[in-house]
Amino acid sequence: SPSAPAQNPAQVEEDDGPVVAKITFLEDAVEGVAEATKKGNLLVVFIFGEFDDEAVDEMEAVWEDEQVRKAMSRRVTALQLPLDSEGGRQFAQIHSVTKTPSTYLLAPGAVVLKCLSGVLTPDTLSTSVAECKALIPKPALSEAEKKAKLDDALARARAKKAAESSEGEKASEIERRQAGKETASAIAKREEMLKDLAKDKERREKERDKQAAEEIRRKLAQDKAERMANKKSQSDSAASAKPPAPKEAVAPPKRDFDTANLQFRLFNGETIKHSFKADDALKAAFDWLDTHRTDGSNPYILLQNFPKRQYSLEQNGEQSLKELDLAPMSSLILIQHPDYKREGGEGGGGSGSGWFSSLISYVWGSSSDPAPQEVAESMPETQPQSQAGVENRSRGGMATMDSVRHQRPEGGEGDDKKQDFWNGNSTAFQQ
């Protein structure tokens, strides 16, 4: 009698047991990877993009095909991920997804065995699943399961041996055993190759991390050295009793950065971040803030705490982030625009009350008060500032009431006959 054709081991496994009525897809990437690793299953990941609705509908019919359900009834964990979800973005970053929709077949441990792009046919999908499952070793059995499986194998072997009566059947058995040995050898080679690939990937990642850490340490050391040098220079100039004649300041060489990572604190306390090009104008940061802020639409300017600086769209909008020393990274705070405050009713009130309130606010260090230059401009022209007060404010210090009291206005004829002094609280002379 003619011998029966040898069956594929994967096909024999699929013929054992019931076929699921519907494939259940997980939507959590972490849960799917954990389940596949724990059970030693093949992980089937279907990932699709925002505009793949038609392809998703076509794949629904493929998942419901009996041949596909039969192939995925055992030792398979199914995962369906939108590309714009958190799990989809993580999967795309790890496995470099370049085209959607795509179907990935992964061994336990998230090692890609095969990647299929586009809409698949039931035959292609079921065949690929069976081939990849054949490459994954089955999980270890308990002693009772091993004994039951061994007894079953012996019983079938005896029955088959009793049924074999021709040389053709013996040759078929020899061929089947040889095919099993070749399959086992291929699986062993595949596992060895996957281990080598995993080790090489880990080595490259460690090398990249090491280089990144060294670059960060180098930049931190360079920044620290520059800060110490600037601090020492400022201390030396402040300690000298008679500072030398002012020389034209030489700007330190600017380092070349490609990006500027900016962090903004809004009026409501929320913090948002964005990365700009170092050559972008400050206007680009204002435009981005106008579309992403969540604290209303009040006019604002930007405040940098260290060094103490203010940036406005009117004065600094055309300057690049590199020119404003905001690269590679800076933290900025939104404060109300001074013009907006004046329009709200805080401005006006006469020349005397306007400059005096501004001066008192600046003396007590209000963060939202106008800059020293604005205070100086609002003072009457007949009351010039003293040189000591100007130097104190130019060094970033806070004006004191003593420095204000010792300011004397330029008097007219007969001033030397008056016992006048400047009390800091009045614009009148006292006798």
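Since the structure is predicted, the reported quantities are computational estimates derived from the model, not experimental observations.

Here is what the cut-offs are and how they apply
- Residues numbered from 1 in each chain as written.
- Predicted model: local features only at pLDDT ≥ 70, side-chain atom pairs only at ≥ 80, totals over all residues.
- Heavy atoms only, no water.
- Pairing = 2+ DSSP bridges.
- Helix = DSSP H or I, 4+ residues; strand = E, 2+ residues; numbered from the N terminus.
- Contact = heavy atoms within 4.5 Å.
- Axes fitted to C-alpha atoms, helices over the stretch in contact; angles between N-to-C directions.
- Buried < 20%, exposed > 50% of the residue type's maximum accessible area, 1.4 Å probe, protein only.
- Arc of directions from axis to C-beta.
- Salt bridge = Lys/Arg side-chain N within 4 Å of Asp/Glu carboxyl O.
- pLDDT = per-residue confidence, 0-100.
- Core = buried A, V, L, I, M, F, W, Y, C linked by side-chain atoms within 4.5 Å.

### Focus: the sheet that holds strand β1 (residues 25-26)
Within the open sheet, the five strands sit side by side as β1-β3-β2-β4-β5. Their pairing is mixed. Two strands lie at the open edges of the sheet, namely β1 and β5 (111-117), each paired on one side alone. Here β1 pairs with strand β3 (residues 76-82) via two bridges, running parallel. The partner of Phe25 across the bridge, within β3, is Ala78. Packed on one face of the sheet, helix α3 (residues 53-63) meets β1, β2 (42-48), β3 and β4 (102-107) and runs near 155 degrees to β2.

### Focus on helix α5 (residues 86-95)
Helical periodicity: at 3.6 residues per turn, an α-helix aligns residues three or four positions apart in one direction. Among the residues making up α5, those that are buried are Gly87, Gly88, Phe91, Ala92 and His95. Down the axis of α5, the smallest arc covering the buried residues is 130 degrees, so these residues share one side. Summarising the geometry of α5, the exposed residues directed more than 90 degrees from the buried face are Glu86, Gln93 and Ile94. Phi turns positive one or two residues past the end of α5, at Ser96, with a value near 55 degrees.

### A closer look at the pairing of strand β8 (residues 300-304)
When you tally the buried positions in β8, you get five out of five residues, the bulk of the element. The side-chain alternation of β8 yields two buried faces, one formed by Tyr300, Leu302 and Gln304 and the other by Ile301 and Leu303. When β8 meets strand β10 (residues 329-336), the two strands line up antiparallel, connected through four bridges. Bridge pairing in β10 links Leu302 to Leu334. Bridge count for β8 against strand β9 (residues 309-311) is three bridges, and the pairing is antiparallel. Directly across from Leu303, in β9, lies its bridge partner Gln310. Turn length for the β8-β9 hairpin, with the two strands adjacent in sequence and antiparallel, is four residues.

### Overview of the pattern of salt bridges
Within this structure, the stated rule accounts for 15 salt bridges. A salt bridge links Lys283 to Asp287, with the shortest nitrogen-to-oxygen separation between them at 3.1 Å. With Lys283 and Asp287 both in helix α9 (residues 282-292), this residue pair falls four residues apart, about one helical turn. Note on Lys283: relative accessible area 37%, which makes it partly exposed. A single network of salt bridges, built from pairs that share partners, joins Glu173, Arg176 and Arg177.

### Comments concerning the side chain of Asp52
Secondary-structure assignment places Asp52 in the loop between β2 and α3. Once you skip the residues sitting within four places of it in the chain, Asp52 turns out to touch Thr100 and Pro101.

### Considerations on unusual backbone geometry
In the segment running from Thr100 into Pro101, the intervening peptide bond is cis, with an omega of -5 degrees. Structurally, Pro101 can be placed in the loop between α5 and β4. With an omega of 5 degrees, the peptide bond running from Ala327 to Pro328 counts as cis. Despite not being glycine, Ser96 has its phi angle at roughly 55 degrees, a positive value. One non-glycine residue, Asp325, adopts positive backbone phi at about 60 degrees. Following the sequence through the fold, Asp325 ends up in the loop between α10 (313-316) and β10. A residue is classified by how much of its surface remains accessible, and Asp325, at 37% relative accessible area, is partly exposed.

### Re the confidence of the model for the chain
Confidence in the prediction of the chain, expressed as mean pLDDT, is 75, and 71% of residues score 70 or more. Every residue in residues 1-15 scores below 50 in pLDDT, and together they form 19 contacts with partners more than four places removed in sequence or on other chains.

### Considerations on the sheet that holds strand β7 (residues 271-277)
Judged by pairing direction, the sheet is mixed, and its five strands sit side by side in the order β7-β6-β10-β8-β9 without closing on themselves. Of all the strands in the sheet, the pair left with one neighbour each is β7 and β9. If you compare each strand with its neighbour and ignore which way they point, the axes differ by 30 degrees on average. Pairing of strand β6 (residues 259-265) with β10, which is carried by five bridges, proceeds in the parallel orientation. For Phe264, the partnering residue across the bridge sits in β10 and is Leu332. Each of β6, β7, β8, β9 and β10 touches α9; the most contacted strand, β7, lies at about 145 degrees to it.

### Thoughts on the pairing of β7
Judged from the seven bridges that link them, β6 and β7 form a sheet pairing that is antiparallel. Its bridge partner being in β7, Phe264 is matched across the sheet by Ile272. As consecutive antiparallel partners, β6 and β7 are separated by five residues, and within that stretch Gly269 has a phi angle of approximately 90 degrees, a positive value.

### Observations concerning the nonpolar core
Leu42, Trp63, Met72 and Val129 are the most contacted members of the largest nonpolar core, which totals 25 residues. Breaking this core down by element, the ones donating at least two residues are β2, α3, α4 (66-71), β3, β4, β5 and α6 (122-134). When sequence neighbours within four positions are dropped, the list of residues in contact with Leu42 reads Arg75, Val76, Thr77, Leu105, Leu106, Leu113, Val129, Cys132, Lys133 and Ile136. Membership of the second largest hydrophobic core comes to 22 residues, among which are Phe264, Ile272, Leu282 and Leu321.

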